[in-house]
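Spelled out, the chains give:
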Amino acid sequence: MAGFLGRLRPVVTARPLAHQVFALQVVIVLFLALAAAAALVLQARADTEREARNRALAVARTFAQAPGVRAALASDDPSAVLQPRAQAARAAADVDFIVVMTTDGIRYTHPNPAEIGRHYIGAIEPAAQGGIVRETVTGTLGPSTRAVVPVTDPDGTVAGLVSAGITLERVSETANHQVPLLLGATAAALGLSVLGTALVSRRLRQQTHGLEPAEMTRMYEHHDAVLHAVREGVIIVDGEARLALANDEARRLLDLPADAEGRTAAGAGVDAALAGLLAEGRRATDEVYVARGRLLAVSQRPTDRDGGPSGAVATLRDTTELQALEGRADVARQRLRLLYDAGLRIGSRLDVVHTSQELADFAVPRFADFVAVELAEAVLRGEEPSQRDAALCRVAFRGVRDDVPFLPVGELIPYGPATPQGAGFRSGRPVLEADMTSFSGWQEPAPERARKVVEAGIHSMVAVPLRARGVVLGVVTFWRSRKPGPFEEDDVALGEELAARAAVSIDNARRYTREHAMAGTLQRSLLPRALQEQNALDVAHRYLPAQAGRGGVGGDWFDVIPLPGARVALVVGDVVGHGLHAAATMGRLRTAVHNFSTLDLPPDELLWHMDELVTRIDQDEGGDGEAAQVTGATCLYVIYDPSTRRCTLARAGHLQPAVVGPDGRAGFVDVPAGPPLGLGGLPFETAELLLAPGSSLALYTDGLVEDRHRDIDEGLELLRRALEGAGNPDEACDTVLRRLLPERPRDDVALLIARTRALDEDHTAVWDVPSDPSAVASVRSAVTRTMAGWGLEEEALVTELIISELVTNAVRHASPPIRVRLIRDRALICEVSDGSSTSPHLRRAAITDEGGRGLFLVAQFAERWGTRYTANGKVIWTEQPLPAGDDE
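From a predicted model like this one, the values you see are computed outputs, not experimental measurements. (Residues numbered from 1 in each chain as written. Predicted model: local features only at pLDDT ≥ 70, side-chain atom pairs only at ≥ 80, totals over all residues. Heavy atoms only, no water.)

## Structural notes on the overall build of the protein chain
Using the following cut-off: Helix and strand assignments come from DSSP, with helices taken as H or I runs of at least 4 residues and strands as E runs of at least 2, each series counted from the N terminus. Working definition: with a 1.4 Å probe on protein chains only, accessible area under 20% of the residue-type maximum means buried, over 50% means exposed, and in between means partly exposed. Every residue pair with non-hydrogen atoms within 4.5 Å of one another is taken to be in contact. Note on areas: Shrake-Rupley with a 1.4 Å probe; residue coverage comes only from the protein chains shown.
Assigned secondary structure in the protein chain consists of 22 helices and 30 strands. Scored against the burial criterion, the 888 residues of the protein chain give a buried share of 44%. In the protein chain, of all internal contacts separated by at least 6 residues, the share reaching a separation of at least 24 is 60%. Carbon together with sulfur atoms contributes 53% to the accessible area of the protein chain, which is approximately 44000 Å² in total.

Encoded structure:
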């Protein structure tokens, strides 16, 4: 045999390399095909046997758990019930037998009825104890693979056993049926393999260009010498991401083991990032990777171009000069991350001081060890600072420790031009003080404190102006103590970026502060400075604007308006929205209420006129497309008459008022709900109630009871409880605000609490007048007596004249009933009512006229006069001033 191989070797080696490879591959393929065929046959037989065992177990379990099996085992004749069912199940499940037996192995069923009642052949003890038996045994049907499972009662007791099995003869038949198919597939695979080998051999001839083995050997030796002589690492990775070749330099750079070829890069100990690149096989050019503590520039190209083999070749270059570049890139990444985080954390609220403190808190210790923020005083007021500002106010500070004697927050610091802060604020450019120990002028204006700061270890500082929109708002100062090195120019640039981002947020907060202050000033100027004096009500009020950053100034308002006849109107309103527009709209609506109240209209008519006004305002402002509409304004209008203790109310989209009785019990008045002002076309209704002396009315806006953390009904209940037994109006206002409002309300709050008084009967006189001119004299006499009883003899003559003229006009021009009422309040009020709705007109009579001077005289002698209409007619009223001390 050895001689034959010896004679064959020269013949084989003499043939071209491609032919040698082809012959060798054919032999290998043939051997592999035969081995694969045998393996497939064995595998098919093993799979068939495994499938038979699994099927037997599944059939046994299914039949054991089938409904009625336990009941049949407990019956008098289990075989009569179970034998047909077992035979049917056997045929359906394609098994050779299903045997049901007792726990002792006595059969109830069997494919051969003669075997029923005999002992089961095989192991059953584990199944009788609740387990499973799987085995191959020779039984009455021959060798078979079988499974035995228990039939258990609900309490877990084994009531019987079920065995299912398939004979090995059937298993062999199934496996034998697959053999021709396997052999055919093997033959096909062998044919395809030979064809593929021929194609590979042809491809090999093309790749080797017909070179002889000696020529290829010489070429390989030359390439190998060059490959190991170069000073760059070379690694060739095959299509399976395994190292096919690594030269000496690559082994040195990557510290590869001797048996690295054939292993993956990760398996050969290459660092994860570089191993990932080699496994991917993608194109790369001078990508930097860290491997074994070295910084490597890696280039990689795939080798499958132009029909080449799959894989990649990578070159490695040790670049120590890139280490410094990597360090600078890492610093740049850290600074970019710092600026990104600053944009997220600085400026969370529209508050100048809070934003400044956020800057200080963020910069320590990530950028500096101590940070102080100083702003011009004008910035704190919302104004733009000027370069002439000589002092800056320290509004924020943060440090890594508390034992350094820096100036405290709130201090006004007069920085001179020689200091870094003063120079930076005036020039708008950062100033670096690399060595503070030289005391080159930075120590002003507190040299002694500056020396203590240096003694505490502070050695370097940077003063960066806070500049936004071309305006310098202040200066932020960074100090360093822990790092021995001073701040550098790169640090100055980073400080500028950090200050620039913070300055934008501070400027936004400043502008918001200015707008909020303007709106607040406008709103305060439009709200009543002091309530007008009157005797009908004891009034207390509170107004709280929304805090800055939580909505700003809104459009809530209130008013107390004295009306003729000692009556008083209470008004509370709310304009939806915040800011200047809401405040200005509130002023317009408040002025309109004052104007309409002079007409002495009932509440429902006044709200109707207000609704018309708001509709016209919306139409006028809606045309330019810029101004916000007023729709959404609400109003509650109340008129209280102390002479009758009657209260008339109407509301337009507003919350119901609350009433507190003299006994301290509180509740809400059921006033018919009207739509908000500006909807138009819908009527308003009034409600009337009689109030006992000492009762209190509480009018408020929705900001008092509405909150996002509670339901409005809960807020109303809290208000009712706070009003009960709260004391006088001032105490009640304080109690309500303390119990209902958070520390920083999100909406404006207006609260008006009025305690009622009843008009003293001694201060009122009423006469019914017949519709007869002769009755005027008796009325004048009664008025004179009443005035004398009040001690107002000096005013009696004028009062008689006014009453005489008004009653005479009523008798002549109006219809009964005619009534005269005289009221002594802060002024002397004369009222003449009649049943006519005709309004008198003031005119100047000519010299030749015999009449027409009565109402003119009334207007001359009275301080005020007017007409109001009632459901039954009208009332003409006048007011006369009383002497000092008589306006009780």
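Having seen it, we continue.
## Focus on the pairing of strand β15 (residues 471–480)
Worth spelling out the cut-off: DSSP calls a pair of strands paired once it identifies at least 2 bridges connecting them.
With 10 of its 10 residues buried, β15 lies for the most part within the structure. The pairing of strand β10 (residues 370–376) with β15 spans six bridges and is antiparallel. By the bridge assignment for β15, V373 is matched with V476. Where strand β14 (residues 460–468) lies against β15, nine bridges are found, and the strand directions are antiparallel. In the strand pairing of β15, P465 is matched with V475. Linking β14 back to β15 in an antiparallel pair, the connection comprises two residues, with R469 at a positive phi of about 55°.

## Observations regarding the packing of aromatic side chains
So the rule is basically this: Two rings belonging to Phe, Tyr or Trp (six-membered ring only in the last case) form a pair when the distance between their centres is within 6.5 Å. Interplanar angles under 30 degrees mark stacking, angles over 60 mark edge-to-face geometry, and anything in between is tilted.
One pass over the full model with this rule turns up seven aromatic pairs. Each ring, one from F370 and one from F406, has its centre 5.3 Å from the other, and the planes form 45°; the classification is tilted. Taken as a pair, F370 in strand β10 and F406 in the loop between β11 (392–399) and β12 (412–413) lie far apart in primary sequence, 36 residues in all. Each member of the pair, F370 together with F406, is buried. Relative to W442, the ring of F439 lies with its centre 5.5 Å away and its plane at 15°, an arrangement referred to as stacked. Looking at F439, the relative accessible area reads 28%, which means it is partly exposed. Put simply, the rings of F370, F397, F406 and W479 touch in pairs and so form one group of aromatic residues.

## A few points about a nonpolar patch on the surface
To keep things clear, this is the line we draw: The patch calculation keeps residues exceeding 30% relative accessible area without a salt bridge and links them within 9 Å when they carry like charges or within 5 Å when they are nonpolar (Val, Leu, Ile, Met, Phe, Trp, Tyr). Should a side-chain nitrogen of Lys or Arg be within 4 Å of a carboxyl oxygen of Asp or Glu, the pair is scored as a salt bridge.
On the surface, a nonpolar cluster with roughly 320 Å² of combined accessible area is contributed by I28, F31 and L32. The exposure class assigned to F31 is exposed, which follows from its relative accessible area of 58%.

## Notes on the nonpolar core
To keep it simple, the criterion reads: Buried Ala, Val, Leu, Ile, Met, Phe, Trp, Tyr and Cys residues that are joined via side-chain atoms within 4.5 Å together make up what is termed a nonpolar core.
Counting residues in each nonpolar core, the largest one holds 51 residues, and the members touching the most others are W557, L570 and Y637. Judged by nonpolar contacts, the second largest core, of 45 residues, contains A368, L407, V464 and A499.

## Regarding the packing of helix α20 (residues 775–789) against helix α21 (residues 793–813)
For clarity, the threshold we go by: Axes here mean lines fitted to C-alpha atoms, for a helix over just the part in contact, with angles spanning 0 to 180 degrees between N-to-C directions. The cut-offs work like this: below 35 degrees is roughly parallel, past 145 is roughly antiparallel, 65 to 115 is roughly perpendicular, and the gaps in between are oblique. Throughout, a crossing is termed right-handed when the near helix is turned clockwise from the far one, and left-handed when it is turned anticlockwise from it by less than a right angle. Throughout this entry, Asp, Glu, Lys and Arg are counted as charged residues, while Ala, Val, Leu, Ile, Met, Phe, Trp, Tyr, Cys and Pro are counted as nonpolar. The remaining residues, Gly among them, count as polar.
Where α20 meets α21, the axes come as close as 9 Å, and the angle between the chain directions of the two elements is 150°. One way to sum up the angle between α20 and α21 is to call them roughly antiparallel. In the packing of α20 onto α21, the handedness of the crossing is right-handed. Two secondary-structure elements touch here, α20 through V776, V779, R780, V783, T784, M787 and A788 and α21 through E793, E795, A796, T799, E800, I803, S804, V807 and T808. Broken down by class, the residue content of the contact of α20 with α21 amounts to eight nonpolar, four polar and four charged.

## Some words on the pattern of salt bridges
Per the counting criterion, the structure on display carries 37 salt bridges. Close ionic contact of E240 with R242 constitutes a salt bridge, the shortest N to O distance being 3.7 Å. Here E240 falls in the exposed class, since its relative accessible area comes to 59%. The residue D491 makes a salt bridge to R480 at a minimum N-O spacing of 3.7 Å. Taken together, the residues span a long stretch of sequence, with D491 in helix α15 (residues 489–526) and R480 in strand β15 at a distance of 11 residues. The structure contains a network of salt bridges with shared partners spanning R567, D600, R821, E831 and R868.

## So, unusual backbone geometry
Trans peptide bonds make up the majority, and among non-glycine residues the majority have a negative phi. Here the amide bond leading from V364 into P365 is cis, since omega sits at 0°, within 30 degrees of zero. Structurally, P365 can be placed in helix α11 (residues 352–366). A positive phi angle, close to 50°, is found at D286, a residue other than glycine. Within the element layout of this structure, D286 appears in strand β7 (residues 284–291). Look at A566: it is not a glycine, yet its phi comes out positive at around 65°. Turning to its location among the elements, A566 is positioned in the loop between β17 (554–562) and β18 (568–578). When its relative accessible area of 9% is taken as the criterion, A566 is described as buried.

## Section: the sheet that holds β18
Within a sheet, neighbouring strands are paired by backbone hydrogen bonds and run either parallel or antiparallel to one another. Pairing is antiparallel across the open sheet formed by five strands, whose spatial order is β17-β18-β19-β20-β23. A strand with exactly one partner marks an edge of an open sheet, and here the two such strands are β17 and β23 (687–690). The average angle at which neighbouring strand axes cross in this sheet is 15°, direction not considered. Each of β17, β18 and β19 (634–641) is contacted by helix α16 (residues 580–598), which is oriented at about 20° to β17, the strand it contacts most.

## Description of α11
One full turn of an α-helix is made of 3.6 residues, so residues set three or four places apart face in the same direction. Definition in use: Between the first and last residue of a helix there are one fewer steps than residues, each counted as 1.5 Å, and that sum is the expected span. Within 3.5 Å is the distance limit for a polar contact, defined as a pair of N or O atoms, with the added protein rule that one can donate a hydrogen and the other accept it, and that residues adjacent in sequence qualify only through two side-chain atoms.
Its 15 residues place the ends of α11 22 Å apart at the C-alpha level, agreeing with the 21 Å of an ideal helix rising 1.5 Å per residue. By the burial criterion, the buried members of α11 are V352, T355, S356, E358, L359, A360, F362, A363 and V364. Measuring from the side-chain oxygen of the N-cap residue of α11 to the backbone nitrogen of V353 gives 3.2 Å; that N-cap residue is D351.

## Side note on the sheet that holds strand β13 (residues 431–433)
Spatial strand order, β12-β11-β10-β15-β14-β13: six strands in an open sheet with antiparallel pairing. Each edge of the sheet is formed by a strand with only one pairing partner; in this case those strands are β12 and β13. Across two bridges, the pairing between β11 and β12 is antiparallel. Residue pairing in the sheet places C393 in a bridge with L412 of β12. Contacts from α11 reach β10, β11, β14 and β15, with the element oriented near 35° to β11. Along the sheet, helix α13 (residues 420–427) makes contact with β10, β11, β13, β14 and β15, crossing β15 at roughly 150°.

## Structural notes on the side chain of T419
Structurally, the position occupied by T419 is in the loop between β12 and α13. Given the relative accessible area of 0%, T419 is considered buried. Side-chain polar atoms of T419 contact the backbone oxygen of G416, separated by 2.7 Å. Among all residues touching T419, those that are not within four sequence positions of it are G441, W442 and E444.

## Points about helix α19 (residues 729–740)
Taking 1.5 Å of rise per residue, 12 residues should cover 16 Å, and α19 covers 16 Å from first to last C-alpha, within 8% of that figure. When we look at burial in α19, the residues that qualify are P729, A732, C733, T735, V736, L737 and L740. Residues of α19 that are buried make contact with β16 (537–544), α18 (712–723) and β25 (749–756). For α19, the N-terminal capping position is held by N728, with its side-chain oxygen 3.1 Å away from the main-chain nitrogen of D730.

## Quick word on the packing of α18 against α19
Between α18 and α19, whose axes approach to 9 Å, the crossing angle comes to 145°. Our pair here, α18 against α19, has a crossing hand that is right-handed. Two secondary-structure elements touch here, α18 through G715, L718, L719, R721, A722 and L723 and α19 through T735, V736, R739 and L740. The class makeup of the residues in the contact of α18 with α19 is six nonpolar, two polar and two charged.

## Points about the confidence of the model for the protein chain
Inclusion rule: Confidence scores per residue from the predictor, reported as pLDDT, run from 0 to 100.
Chain-level pLDDT for the protein chain is 81 on average; 82% of the residues reach the 70-or-more range. Between residues 1–14, whose pLDDT stays under 50, and residues either more than four places distant or in other chains, the model counts three contacts.

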